Amino acid sequence: MERVPKLIKFPIDLVIRIEEYKLKHNLPTFSKTVYHLIRKGLDA
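Values in this document were obtained by computation on a predicted structure and should not be read as measured data. (Residues numbered from 1 in each chain as written. Predicted model: local features only at pLDDT ≥ 70, side-chain atom pairs only at ≥ 80, totals over all residues. Heavy atoms only, no water.)

A.B. asks: An account of the packing of helix α1 (residues 12-24) against helix α2 (residues 30-43) is needed here, citing residue identities and associated values.
C.D. replies: Across the interface, α1 lies against α2 with an axial gap of 10 Å and an inter-helix angle of 95 degrees. With respect to each other, α1 and α2 are oriented roughly perpendicular. Of α2, the residues touching α1 (which contributes V15, I18, E19, Y21 and K22) are F30, T33, V34, H36, L37 and K40. Residue composition of the contact of α1 with α2, grouped by class: six nonpolar, two polar and three charged. (Axes fitted to C-alpha atoms, helices over the stretch in contact; angles between N-to-C directions. Helix = DSSP H or I, 4+ residues; strand = E, 2+ residues; numbered from the N terminus. Parallel < 35°, antiparallel > 145°, perpendicular 65-115°, else oblique. Contact = heavy atoms within 4.5 Å. Nonpolar A, V, L, I, M, F, W, Y, C, P; charged D, E, K, R; others polar.)

Right under this line is the structure:
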């Protein structure tokens, strides 16, 4: 899969929630967690 770099700034409260989700679901990186959450939201 081709990847395209994008710069995005997150509000600190959202970063904290994403990091908590990452730990709870044993996801290896912040980026993979964001991909997971985006896909989950798009599939909903």
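Okay, back to it.
A.B. asks: Can you explain the side chain of K22? Please cite residues and give values.
C.D. replies: The topology assignment puts K22 in helix α1. With no salt bridge to any partner, buried K22 finds its closest opposite charge in E19, at an N-O distance of 4.1 Å. Setting aside chain neighbours within four positions, we find K22 in contact with L27, P28, T29, F30 and T33. (Buried < 20%, exposed > 50% of the residue type's maximum accessible area, 1.4 Å probe, protein only. Lys, Arg positive; Asp, Glu negative; His and termini not counted. Salt bridge = Lys/Arg side-chain N within 4 Å of Asp/Glu carboxyl O.)

A.B. asks: Quick rundown of the packing of aromatic side chains? Include the residues and the values.
C.D. replies: Overall, the coordinates contain one aromatic pair when judged by the stated rule. Both rings, one in F10 and one in F30, keep their centres 5.5 Å apart while their planes meet at 80 degrees; by these two values the pair is edge-to-face. With F10 in the segment before α1 and F30 in helix α2, this residue pair connects regions lying 20 residues apart in the sequence. (Phe/Tyr/Trp six-rings, centres within 6.5 Å; stacked < 30°, edge-to-face > 60°.)

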